[in-house]
Amino acid sequence: MSNAALPGLERLLNMPEAMRPTPLIRLDSVSKRWGESVGVDAVDLEIHEGAFVVLLGPSGCGKSTTLRLIAGLETPDRGRVFIRDADVTARAPAGRGLSMVFQSYALFPHLTVRDNITFGVRVRGLPKATIAERLGRAVAMTGLEGLEARKPSELSGGQRQRVALARAIVAGHPICLMDEPLSNLDAKLRHSVRQEIRALQRNLGMTVVYVTHDQTEAMGMADRIVLMDRGRIAQAGTPEDLYLAPASMFVAGFIGSPPMNMIGAVHVPPALRFGILERDFGGDWVIGVRPENLEITAGGDDGLPVRIRDVEYLGAETLVYAESAAGPLIARSPGPLPPLSGGGASARWAGTAQHVFDSTTGRRLEPAPAIRSSRGTVPIPPADQPRDAAGHRWCNAHGGL
Amino acid sequence: MDSIEAFQRRRMALYGWMLATPALILLTLFAFTPTVTTLWQSLFSRGTARRPQQFIGLDNYAALINDPVFWQVATNNLIYAAATIPVSIALALIMALWANARIPARGVVRAAYFTPTMLPMIAAANLWLFFYTPGLGVIDRIAALFGIGATNWLGQPDTALAAVIIVTIWKEAGFFMIFYLAALQTIPPDLREAAIMEGAGRWTYARRILLPLLMPTTLFILVNALINSVKLIDHLFILTKGGPNNASKLLLYWIWETAFAYFDRPMAAALTVMVLIVLGIVAVIQFRALERRIHYR
Ligand SMILES: Nc1ncnc2c1ncn2[C@@H]1O[C@H](COP(=O)(O)OP(=O)(O)O)[C@@H](O)[C@H]1O
Ligand SMILES: [Mg+2]
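Residues numbered from 1 in each chain as written. Chains lettered and ligands numbered in written order. Predicted model: local features only at pLDDT ≥ 70, side-chain atom pairs only at ≥ 80, totals over all residues. Heavy atoms only, no water.

Colleague: Describe the sheet that holds strand 4 (residues 78-83) of chain A, naming the residues involved and giving the relevant values.
Modeller: Residue and element names in this part refer to chain A. The antiparallel open sheet is built from four strands, whose spatial order is 2-1-4-5. The outermost strands of the open sheet, each flanked by one partner alone, are strand 2 (37-47) and strand 5 (86-87). Of the pairings in the sheet, the one linking strand 1 (residues 25-34) to strand 4 comprises five bridges and is antiparallel in character. Following the sheet pairing, Leu27 is matched in strand 4 by Val81. Lying over the sheet, helix 2 (residues 63-71) contacts strand 1, strand 2 and strand 4, oriented at roughly 120 degrees with respect to strand 1. (Pairing = 2+ DSSP bridges. Helix = DSSP H or I, 4+ residues; strand = E, 2+ residues; numbered from the N terminus. Contact = heavy atoms within 4.5 Å. Axes fitted to C-alpha atoms, helices over the stretch in contact; angles between N-to-C directions.)

Here it is in C-alpha cells:
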C-alpha cells in the first residue's frame, strides 16, 4: 500500500491529536465474566473507521467475547461500548448498525442462498427493488452467480462461507464483525479467501473487526492487531509494531513463526551483552532474538556455543535447529546454507536485533532498537508508551453500498 | 459380462428378500391376516343360537350408515380430534420453548411437564375424577368460592366430551413436548444470534426460522396425535363410559362396546374396516402433502 494512493491519510496522520476523528468503535474498560471464568477483563480498545482490525490470541483468551460485546450479543458486567460516540451498551444488536459472519456461518438450512442473503433486508422491510439490486451486487462480488436457488446443504464449504459474506455485504452496514470465518476451510482456500475478504473490505470501505487465532492470518490481513492474553490486551498496534517491538515475552512468542529465541541472561557470552551490563535493569532478564537475526557459524569464537541438531532446507529459506546451554535455538537464513559440520558452532546476533525482557514479569525492558526491516531502518517508539494514533495504518474509505 | 451383471442383480434381489422376510412374516401374521379376516367377517350377519351366521354382503355397512348413533359417534370423534390434535401440539411447542429457555429450575419444569405422560391413562383418569366430581371435586370447590353452584361436568351431555378432551390434552402435551425439546436442542444457537443480528425479533425468528426447522418433528407429532385421537380411549372407561346418551362416545370405544358388550362381532368388524379406511386415507394425504414442504437436514 503506497502512501501516494492515500493523500487524505497523510493529512489525517499529520493532524494534531485533538482534531483527529473519534474512533468508530470504542470499548471503555469493558469486563465480562461468567462465575469464575473470565471472558474479558478491563479491555480498552479503539477502532477507527475503515480499518481492518484483527483480534488475535490463543484459544480462550477472550477474542470472541470481545467481538460479541461489540455486537451486543453479550452485555458487559462493567464498562461501556461506544459506536460513533453513541453509548450503545444497552442497545440491542440490530440497532448497532453492524453485521456479523459467524465461525459456523450460521446459514439458515431451510432457506435458499438467495433467501439467506436477503433475510435481514427483508426483515427490515427494504423496498423490493433495493433488495434485488443489492442481492445482485453481493452475489457478483462473492462469485455466487448461478447458486441463488440452492440450499446451504448443496454448497461446498467455501461457497457457504461466501454466502455468509454476501449476507453481511447486503446488509449495507458500515461495520462487519467476523469470528474466525476461515477456520472451517482447507489451507489452500483459506489463503485465497483471505485476500478476497481484504479486497472486499477495501472496495466497500467497511470497518472490519476480525477474530483469529492464526498469527500468519493476522499479520497478513490486519491494519492493526490487537493481541489478547487471558482476557486482557497484551499489545495493540500494527503488525510491524508487534513483530519488531513486542511488548512482552508473550507477544514475542506468539507473533512470528518459528517463534523468537529466548536466551536467559546467564548464558549470554560477554561479547553479546550489548550495552546491557552498563545499564542496570534490576533483576533477571532474557534476551529475545528472532530466528532470522540469529546467525550460526562454524568454529568456536566468542559467540554462544551451540550444537547443530538439524538443518531444514525449505527452498526460499533454511532453518537451522541447534542446542545450546540456554535451550533449543532456531536460526533462519535465506536460501541454502554452506554445509555445517555437526560439531562446534556458535550463535551470534547484532546488538540492534536483541529484545530484552524481564524474566519474572515478561515485560519488555529495553526500548526497542532500530531494526533493519524490508523497508529500511524503522525507528520504533518504546512499547509501554501509548502510540495508538501514530502507529495506526489507515485505509481508503471510498465506495460503500 | 452380462451374465455376471445379471447374477449380481439376482444376488442382490435375493439378499433384499431375505432381509425383508422377518418383517414380512410378522406383518402377515399380526397385521395383514387380521385385517383380511376382519374384512371377511364384516360381510356376515350376527349369528345367534337360532339363526346361524350368513353372508349378507354390505348390509352391515348400510345399517351403520342408517344408524344415528354411528353419526353421533363419528362426529364426537371428529370434534375430539379437531380439539386434541392442534391444542396439544401448540401446548407442547409452547412448553418446550419455555423449558428450553434459560430459566431457573429448568429440570423441575421439564419433569413437571413430563409427569402426566408417565402416568398410565387409567391412573390419569382417576386423578381427574378428583377434579370433576360434582360438589366435592377441585373444580367445584374453587367455583364455590366464587358462589357458583356444583356442576356435573362428566354427567351432562353439554360438558362430557369437553371434559374428556381436556384430560387427553393434559396427557399428550407433555409427551409431545419431549420431542420438541429434543428437536430444539439440535438447532444451533448461532442461527438465533444470526437472525437477531439481522434485525429479526423474537416472533420473526420463531415464524421464519424456528417453526420451519421444527417441521419434521411437527409431522411426526401430528401423525402420533392423529393415531392417538382414535386410539386413546382408556379414560372413557373411568370417566364417562361414553355417556351420557352417547355424548362422549368415541369410535374405538363403540367398537369395543359392540364387540364385547353387545357381542355383535360382524358389526364391530364393519366399523373397524371403516376406521381403517379413513386412517389409511389420512396417512397418505399427510405424507404426500407435508413431505414436500418439509426441510429434512
Ligand atoms: N457463555 C459462556 N459461559 C461461560 N464461560 C464462557 C462463555 N463464553 C466464553 N466463556 C469463557 O470466556 C473465556 C473466553 O472465551 P472466548 O471469548 O470464546 O475465547 P476465544 O478467544 O477462544 O474466542 C473462555 O475461558 C471461556 O471459557
Ligand atoms: Mg472464539
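Colleague: Talk me through the layout of surface pockets; I want residue IDs and the actual numbers.
Modeller: Residues and elements named next belong to chain B. The computed volume of the largest pocket comes to approximately 1300 Å³. Around the largest pocket, the lining comprises 35 residues; the ones closest to its centre are Asn100, Ala101, Arg102, Arg192 and Tyr205. Listed by contribution, the elements that provide at least two residues to the lining of the largest pocket are helix 3 (68-100), helix 7 (157-186), helix 8 (189-197) and helix 9 (202-231). The element best represented in the lining of the largest pocket is helix 9, accounting for eight residues. (1 Å grid on protein atoms, 1.4 Å probe; cavity = no way out; pocket = protein on both sides within 12 Å on 5 of 7 lines; lining within 4 Å. Points joined across faces, edges and corners; volume = space filled by probe spheres on them.)

Colleague: Account for unusual backbone geometry, with residues named and values stated.
Modeller: All names here are of chain A. Residue Pro258 is reached from Ser257 by a cis peptide bond, and omega for that bond is -5 degrees. Here Pro258 lies in the loop between helix 9 (249-254) and strand 11 (261-264). A positive phi angle, close to 75 degrees, is found at Tyr105, a residue other than glycine. Note on placement: Tyr105 falls in the loop between strand 6 (98-101) and helix 3 (113-123). Even without a glycine there, the phi angle at Glu180 is positive, about 45 degrees. Along the polypeptide, Glu180 turns up in the loop between strand 7 (175-179) and helix 6 (187-204).

Colleague: Can you tell me about the sheet that holds strand 13 (residues 295-298) of chain A, naming the residues and giving the values?
Modeller: All names here are of chain A. A sheet is described by the order of its strands in space; here five strands give the open sequence 13-17-14-15-16, paired in antiparallel fashion. Every other strand in the sheet has two partners, leaving strand 13 and strand 16 (327-334) as the edge strands with one partner each. On average, each strand axis in the sheet is tilted by 45 degrees relative to the strand beside it, whichever way the strands run. Strand direction decides the pairing type here: strand 14 (residues 304-313) and strand 17 (residues 344-348), joined by four bridges, are antiparallel. Of the residues in strand 17, the one forming a bridge with Pro305 is Ser346.

Colleague: Give a detailed account of the pattern of salt bridges, specifying residues and quantitative values.
Modeller: Residues and elements named next belong to chain A. Under the criterion given, the structure shown has 18 salt bridges over all chains. For the salt bridge of Arg309 with Glu323, the shortest nitrogen-to-oxygen distance reads 3.0 Å. Within this pair, whereas Arg309 is found in strand 14, its partner Glu323 is found in strand 15 (residues 317-324), the two being separated by 14 residues in sequence. Glu323 sits in the partly exposed class, given a relative accessible area of 29%. In this structure, Glu317 engages Arg332 in a salt bridge whose closest nitrogen and oxygen atoms are separated by 3.5 Å. Of this pair, Glu317 sits in strand 15 while Arg332 sits in strand 16, placing them 15 residues apart in sequence. Relative accessible area serves as the criterion here: at 24%, Glu317 is assigned to the partly exposed category. (Salt bridge = Lys/Arg side-chain N within 4 Å of Asp/Glu carboxyl O. Buried < 20%, exposed > 50% of the residue type's maximum accessible area, 1.4 Å probe, protein only.)

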